[in-house]
Amino acid sequence: MPYETAPGSPEQPLIDVIPLRIGAGLTLLYMHAWQHAFLAWGAVWNQEPWEVIGVVEQSGLPLPKVLAAFAAGAAIFTAVCWILGFFTRFASVAFIPVTLGALWVCNRVGQSFGAESCILFLLIAITLIIKGPGWLSVDALFSRGKKQRKAIYL
């Protein structure tokens, strides 16, 4: 999505998806990713127990330690990208398999509250893929800079 219009113009709404992107990124980081990243680190490097590995193993998926650690890393990456508005679409596309895998795990072990979170984050990721990060983002800043450099050379 090119960022040719000024914020607040009819073509580019002032608010857009910015509160959704930042709010979802902060929620993902605070409620899920931050804690699980530290627990994943301890489980992988220090062989400390982590209940998520047991839940993934109980769901029947192969390589539970690898999948759980990968999901924690992908959640951190996605949360930071959503907060900054940097690689927003790429992070959202990469996060969709994580949410679908978490949804699979939650349904297999009977955690309906976790399944609701998975569906909400899946819908947020799809929305950010379609709409983009909005005008208040690092992606938009790079897009504007590229456009200004192109205008100078013409």
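These figures come from a predicted structure and were not determined experimentally.

1. Observations regarding the pattern of salt bridges
Consideration 1: Applying the stated criterion across every chain, the model contains one salt bridge.
Consideration 2: With its nearest N and O atoms 3.7 Å apart, the salt bridge here joins Lys131 to Asp16. Here Lys131 is found in helix 5 (residues 112–131), whereas its partner Asp16 is found in the segment before helix 1 (18–45), with 115 residues between them in sequence.
Consideration 3: Taking relative accessible area as the criterion, Lys131 reaches 34% and is therefore assigned partly exposed.

2. Concerning the side chain of Ser137
Consideration 1: For Ser137, the position within the fold is in the loop between helix 5 and helix 6 (138–153).
Consideration 2: Residues in contact with Ser137, not counting those within four places in the same chain, are Arg21, Leu84 and Gly85.

3. Quick look at the packing of aromatic side chains
Consideration 1: On inspection of all chains with the given rule, the structure shows seven aromatic pairs.
Consideration 2: Judged by centre distance (5.2 Å) and plane angle (80°), the ring pair of Trp34 and Phe38 falls under edge-to-face. With Trp34 and Phe38 both in helix 1 and four residues apart, the pair spans about one turn of that helix.
Consideration 3: Each ring, one from Phe86 and one from Phe142, has its centre 6.0 Å from the other, and the planes form 65°; the classification is edge-to-face. Placement of the pair is Phe86 in the loop between helix 3 (64–84) and helix 4 (88–109) and Phe142 in helix 6, with a sequence separation of 56 residues.
Consideration 4: A network of ring pairs unites the aromatic residues Phe77, Phe86, Phe87, Phe90 and Phe142 as a single cluster.

4. Here we look at unusual backbone geometry
Consideration 1: Backbone geometry places Gln47, a non-glycine residue, at a positive phi of 55°.
Consideration 2: Mapped onto the secondary structure, Gln47 falls in the loop between helix 1 and helix 2 (51–59).
Consideration 3: One non-glycine residue, Phe87, lies in the positive phi region at around 55°.
Consideration 4: Position of Phe87 among the secondary structure elements: in the loop between helix 3 and helix 4.

5. Looking at a nonpolar patch on the surface
Consideration 1: On the surface, a nonpolar cluster with roughly 370 Å² of combined accessible area is contributed by Ile119, Leu123, Ile126 and Ile130.
Consideration 2: With respect to the helices, strands and loops of the structure, Ile126 is situated in helix 5.
Consideration 3: The class for Ile126 is partly exposed, based on a relative accessible area of 35%.

Cut-offs and rules
Residues numbered from 1 in each chain as written. Predicted model: local features only at pLDDT ≥ 70, side-chain atom pairs only at ≥ 80, totals over all residues. Heavy atoms only, no water. Salt bridge = Lys/Arg side-chain N within 4 Å of Asp/Glu carboxyl O. Helix = DSSP H or I, 4+ residues; strand = E, 2+ residues; numbered from the N terminus. Buried < 20%, exposed > 50% of the residue type's maximum accessible area, 1.4 Å probe, protein only. Contact = heavy atoms within 4.5 Å. Phe/Tyr/Trp six-rings, centres within 6.5 Å; stacked < 30°, edge-to-face > 60°. Patch = residues over 30% accessible without salt bridge, like charges linked within 9 Å, V, L, I, M, F, W, Y side chains within 5 Å. Areas by Shrake-Rupley, 256 points an atom, 1.4 Å probe, with all protein chains shown as cover.

In short, geometric facts, not functional conclusions.
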